[in-house]
Amino acid sequence: MAVTEIPKLTDNIEALVSEINPDKCSGCGVCLPLCSYSAITWIEYKGKKRAHIDPALCTGCGVCVAACPSRAIILEGFTTEEIESQIENLTF
Ligand code: SF4
Ligand code: SF4
């Protein structure tokens, strides 16, 4: 994706929050240390430990979305592939 398309994500960043589907979350814990805003915590769901995002703390940066091996996290309005592409572009 072209670098010139990055503002499409950042323009909307304040209005976006990520959300975890607890039925898809495996409880691997990969996402928790990656969140710079401590927005991800553990909850108990159907008797299992699952990650949960506090929408009040989440900035919608998309880092956890790209990192989740189970594709359990979504950022409203963006596919996982789009988020991965945006982050890749920001790091180069
Ligand atoms: S990285 Fe994905 S599967 Fe692992 S704890 Fe986080 S949401 Fe769950
Ligand atoms: S999108 Fe960013 S701020 Fe929100 S929970 Fe994921 S890593 Fe944290």
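Since we're looking at a predicted model, the values are computed, not measured.

1. Here's the deal with the overall build of the protein chain
- Scanning the protein chain from terminus to terminus reveals 3 helices and 4 strands.
- Going from the N terminus to the C terminus, the protein chain shows its helices and strands as α-β-β-β-α-β-α.
- The burial tally for the protein chain puts 25% of its 92 residues in the buried class.
- Taking as baseline every contact in the protein chain between residues at least 6 positions apart, the subset at least 24 positions apart corresponds to 60%.

2. Some details on the site of ligand 2
- Residues in contact with ligand 2 amount to 14 residues; listed here are only the nearest, S18, C35, C58, C61 and C64.
- Tallied by class, residues from the shell around ligand 2 come to 10 nonpolar, 4 polar and no charged.

3. Focus on unusual backbone geometry
- We note that S38 has phi near 50 degrees; this positive angle belongs to a residue other than glycine.
- Position of S38 relative to the elements: it lies in the loop between β1 (18-20) and β2 (40-45).
- With a phi close to 50 degrees, K46 is a non-glycine residue in the positive phi region.
- Relative to the helices and strands, K46 resides in the loop between β2 and β3 (48-53).
- Among the residues examined, K46 registers 7 C-beta atoms within 10 Å and is labelled exposed.

4. Here we look at the pairing of β2
- In this structure, β2 lies alongside β3, joined through 6 bridges in antiparallel fashion. Directly across from W42, in β3, lies its bridge partner A51.
- Taking the residues that link successive antiparallel strands as the turn, the β2-β3 hairpin has 2 residues, and the phi of K46 there is positive, at about 50 degrees.

5. Things to note about the site of ligand 1
- Close to ligand 1 lie 13 residues; C25, C28, C31, C68 and S70 are nearest.
- Here the shell around ligand 1 is built from residues that sort into 9 nonpolar, 4 polar and no charged.

6. A few points about the nonpolar core
- If you look at the biggest cluster of nonpolar residues, it comprises 17 residues, and the most contacted ones within it are I20, C31, I40, C64, V65, C68 and I73.
- At the level of elements, β3, α2 (63-67) and β4 (73-75) are the ones that each hand at least two residues to this core.
- Top element by residues in this core is α2. It accounts for 3 residues.
- Discounting chain neighbours no more than four positions away, the residues touching I40 are C31, L32, C35, A51, H52, I53 and C64.

Definitions and limits used
Residues numbered from 1 in each chain as written. Chains lettered and ligands numbered in written order. Predicted model: local features only at pLDDT ≥ 70, side-chain atom pairs only at ≥ 80, totals over all residues. Helix = DSSP H or I, 4+ residues; strand = E, 2+ residues; numbered from the N terminus. Buried ≥ 20, exposed ≤ 12 C-beta atoms within 10 Å, placed from the backbone. Contact = placed C-beta atoms within 7 Å. Near = placed C-beta within 6 Å. Nonpolar A, V, L, I, M, F, W, Y, C, P; charged D, E, K, R; others polar. Pairing = 2+ DSSP bridges. Core = buried A, V, L, I, M, F, W, Y, C linked by C-beta atoms within 7 Å.

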